[in-house]
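Each chain, letter by letter, is given below.
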Amino acid sequence: MFTDIYSPLQQLKHPILSQFWMKRDDLIDPYISGNKWRKLKYLLARAFKENKHHLVTFGGAYSNHLVATAAAAAKAGLKSSAFVRGEEVENEMLMICRLFGMNLIFTDRTSYKDKTQLFLQHFAEQPEAFFIDEGGASAEAVQGCAEIIAELPGDIDHIFCAAGTGTTAAGLLKGIQERGLKTTLHVVPALKGGQFIEDEIFKYIGNTAQLVLHTNYHFGGYAKTQPALISFMKDFVSKQGILIDPVYTAKMLFAIEDLIATDYFKPQDKIVALHTGGLLGILGMKEKF
Ligand SMILES: *Cc1c(COP(=O)(O)O)cnc(C)c1O
């Protein structure tokens, strides 16, 4: 299962841009979706190498990373546990985690802050337990995401991605630098105050010259939406026939559309938007549609 995967590059219909493409990482797997697979790939490889058969990780009750880890563990024949932030709840995403055999440990918000401590408290006696940080953030994750660039043509002018921690963005920028491309990486934080993402990326790769951060498309904050975003999303999905999620990819695509409206690009620019998957997140927002 750790052999090569490859996701298609699909052209989007657009009235102005003739070279607007989407890298469909959402099609990699319905549950180990998009960037979450890229981020887990080398972590799982290291877990195997170190003979660790129990993945232990962290996330909120609607975390795409938890679903991805649960599904990847089941597929690889590993056990999985997760510390879930906050009081005990039930929802569709956690149900899917349980179905994949993940053991859920609900953790109050104060204890949740010290992840190393939590891991030691619960798993110190279990040598097969393997620590995976929230969202899979790690050097391995950066390496896995850098591989996305190797699957793309070398002459792209602009690549866009959404960001939560910035790990995926760091990987993309690493890939761009390693191949010596002229591509600009545009990052759209899904949360308020996203300026910190630049520091995160810098920590991993030490050079952010080809990075442009667009911090004004958070729509009120993480997992927050506004009517303009929801109507944009409905329009995009019905016109393109590609499902996107309101937490990440809809905000990124809204940003691109907004930049097009201000003549940010040349009409012949080659633009690729990364579909990072995470479509189950829609299940937490049923009342919005
Ligand atoms: C987790 C996630 C992201 C954020 O990735 P980071 O590496 O944390 O920046 C983006 N898009 C989707 C759909 C996600 O699930």
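Sequence order sets the numbering: in each chain, residues are counted from 1 along the sequence as written. The predicted nature of this model means local features are confined to residues of pLDDT at least 70 and side-chain atom pairs, given and counted, to a pLDDT of 80 or more, with totals for whole chains, interfaces and linings taken over all residues. Computation of side-chain values: all heavy atoms of the structure, hydrogens and water removed.

If you look the protein chain up in an unreviewed UniProt entry, it shows as 1-aminocyclopropane-1-carboxylate deaminase from Pedobacter caeni. UniProt positions are given in the numbering used here, feature names are shortened, and annotations may be inferred rather than shown by experiment. Per its UniProt entry, the protein chain bears the Cofactor (unreviewed entry) comment "pyridoxal 5'-phosphate". Recorded in UniProt for the protein chain, the comment headed Sequence similarities (unreviewed entry) runs: "Belongs to the ACC deaminase/D-cysteine desulfhydrase family."

**Student:** Give a detailed account of the overall build of the protein chain, specifying residues and quantitative values.
**Tutor:** Secondary structure follows DSSP: runs of H or I at least 4 residues long count as helices, runs of E at least 2 residues long count as strands, and numbering of each begins at the N terminus. Looking only at helices and strands, the protein chain features 10 helices and 10 strands. Counting only C-alpha atoms, the protein chain reaches 60 × 45 × 30 Å along its principal axes. In what follows, a contact means two residues having at least one pair of non-hydrogen atoms within 4.5 Å. A sequence separation of at least 24 residues applies to 73% of the contacts in the protein chain between residues at least 6 apart. Just so you have it, the protein chain exposes about 12,700 Å², and 54% of that area is on carbon and sulfur atoms. A positive count includes Lys and Arg, and a negative count includes Asp and Glu. His and the chain ends are not counted in either. Charge coordinates come from a single atom per side chain, which is NZ of Lys, CZ of Arg, CG of Asp or CD of Glu. Computed over 30 positive and 31 negative side-chain charges, the separation of the two mean positions in the protein chain equals 1 Å. To measure how exposed things are, a 1.4 Å probe is used in the Shrake-Rupley method; for residues, cover is taken only from the protein chains shown.

**Student:** How would you sum up the pattern of salt bridges? Please name residues and give values.
**Tutor:** Salt bridge criterion: a side-chain nitrogen from Lys or Arg within 4 Å of a carboxyl oxygen from Asp or Glu. Summed over all chains, the structure comprises 18 salt bridges. Here E134 and R85 are joined by a salt bridge, their closest N and O atoms 3.3 Å apart. Taken together, the positions of E134 in the loop between β6 (129-131) and α6 (139-150) and R85 in strand β4 (residues 79-85) put the pair 49 residues apart, joining distant regions of the chain. Using a 1.4 Å probe on the protein chains alone, a residue whose accessible area is under 20% of its type maximum counts as buried, one over 50% counts as exposed, and one in between counts as partly exposed. Looking at R85, the relative accessible area reads 32%, which means it is partly exposed. Several salt bridges converge on common partners, so that one network encompasses K23, D25, R38 and E151.

**Student:** Describe the domain arrangement of the protein chain, listing the residues and the values that go with them.
**Tutor:** On domain assignment, one finds that the protein chain holds domain 1 (11-28 + 138-278) and domain 2 (53-127). For domain 1 and domain 2, the distance between their C-alpha centres works out to 28 Å. Domain boundaries shown here were taken from an automatic or database domain assignment.

**Student:** Which residues make up the packing of aromatic side chains, and what are the values?
**Tutor:** In this analysis, rings of Phe, Tyr and Trp, with Trp reduced to its six-membered ring, are considered paired at centre separations within 6.5 Å, and the interplanar angle assigns stacked below 30 degrees, edge-to-face beyond 60, and tilted for intermediate values. Following the criterion strictly, the structure yields 14 aromatic pairs and no others. Note on F58 and F131: the rings are 5.3 Å apart at their centroids and 55° apart in plane angle, and the pair reads as tilted. One end of the pair, F58, is in strand β3 (residues 54-59); the other, F131, is in strand β6, with 73 residues separating them in the sequence. Taking the relative accessible area as the measure of exposure, F58 reaches 0% and is therefore buried. For F131, a relative accessible area of 27% translates into the label partly exposed. Between F232 and F236 the ring centres are 6.3 Å apart and the planes differ by 35°, which places this aromatic pair in the tilted class. Placement of both F232 and F236 in helix α9 (residues 227-240) is noted, with a separation of 4 residues, approximately one turn of the helix. For the pair F232 and F236, a shared accessibility class is recorded, and that class is buried. Through pairs of rings, three or more aromatic residues link up here, namely F58, F83, Y112, F119, F123 and F131.

**Student:** Which residues make up the UniProt feature "active site" (unreviewed entry) in the protein chain, and what values do they have?
**Tutor:** UniProt feature "active site" (unreviewed entry): in the numbering of this structure it lies at S63. Note that S63 resides in the loop between β3 and α2 (64-76). Judged by its relative accessible area of 15%, S63 falls in the buried class. We call two N or O atoms a polar contact when they sit within 3.5 Å, provided that within protein one can donate a hydrogen and the other can accept it, with sequence-adjacent residues counted only if both atoms are side-chain atoms. Reaching out from S63, the side chain makes a polar contact with the backbone nitrogen of H65 at a distance of 3.1 Å.

**Student:** Now, about the pairing of strand β8 (residues 184-189): what can you tell me, with residues and values included?
**Tutor:** Remember that side chains alternate between the two faces of the sheet whenever the strand is regular. By the criterion of burial, β8 is predominantly enclosed, with 5 of the 6 residues buried. In this description, strands pair whenever DSSP reports at least two bridges between them. Examined bridge by bridge, strand β7 (residues 158-163) and β8 share 6 bridges and lie parallel to one another. Paired with A163 across the strands is P189, a residue of β8. When the strands point away from the viewer, a crossover counts as right-handed if the route from the first strand across the helix to the second turns clockwise. Regarding the hand of the β-α-β motif, the stretch spanning β7, helix α7 (residues 167-178) and β8 is right-handed.

**Student:** Describe the packing of α6 against α7, listing the residues and the values that go with them.
**Tutor:** Comment: axis = line fitted to C-alpha atoms, over the contacting stretch for helices; angle = value between 0 and 180 degrees taken between N-to-C directions. Where α6 contacts α7, the two axes come as close as 7 Å, and the packing angle between them is 55°. Taken together, α6 and α7 sit at an angle that is classed as oblique. Relative to α7, α6 is oriented so that their crossing is right-handed. Note on element contacts: α7 touches α6 through T167, T168, A170, G171, L172, K174, G175 and I176, opposite A141, V142, Q143, C145, A146, I148 and I149. Following the grouping adopted for this structure description, the nonpolar residues are Ala, Val, Leu, Ile, Met, Phe, Trp, Tyr, Cys and Pro, the charged ones are Asp, Glu, Lys and Arg, and the polar ones are all others, Gly among them. Class assignment of the residues belonging to the contact of α6 with α7 gives a composition of 9 nonpolar, 5 polar and 1 charged. Orientation categories follow fixed angle ranges, with anything under 35 degrees roughly parallel, anything over 145 roughly antiparallel, 65 to 115 roughly perpendicular, and all other angles oblique. Crossing chirality is assigned from the near helix's rotation relative to the far helix, an anticlockwise turn below a right angle marking it left-handed and a clockwise turn marking it right-handed.

**Student:** Could you give an account of the sheet that holds β7, naming the residues involved and the relevant values?
**Tutor:** Strand order across the open sheet formed by 6 strands is β1-β2-β10-β7-β8-β9, with mixed pairing between neighbours. Edge positions in the sheet fall to β1 (9-11) and β9 (211-213), since each has one partner strand and no second. Here the strands of the sheet are splayed against their neighbours by 25° on average, with no regard to which way each runs. Pairing of β8 with β9, which is carried by 3 bridges, proceeds in the parallel orientation. Bridge pairing in β9 places V187 opposite L213. The strands touched by α7 within the sheet are β7, β8, β9 and β10 (271-275), with β8 carrying the most contacts at an inclination of about 180°.

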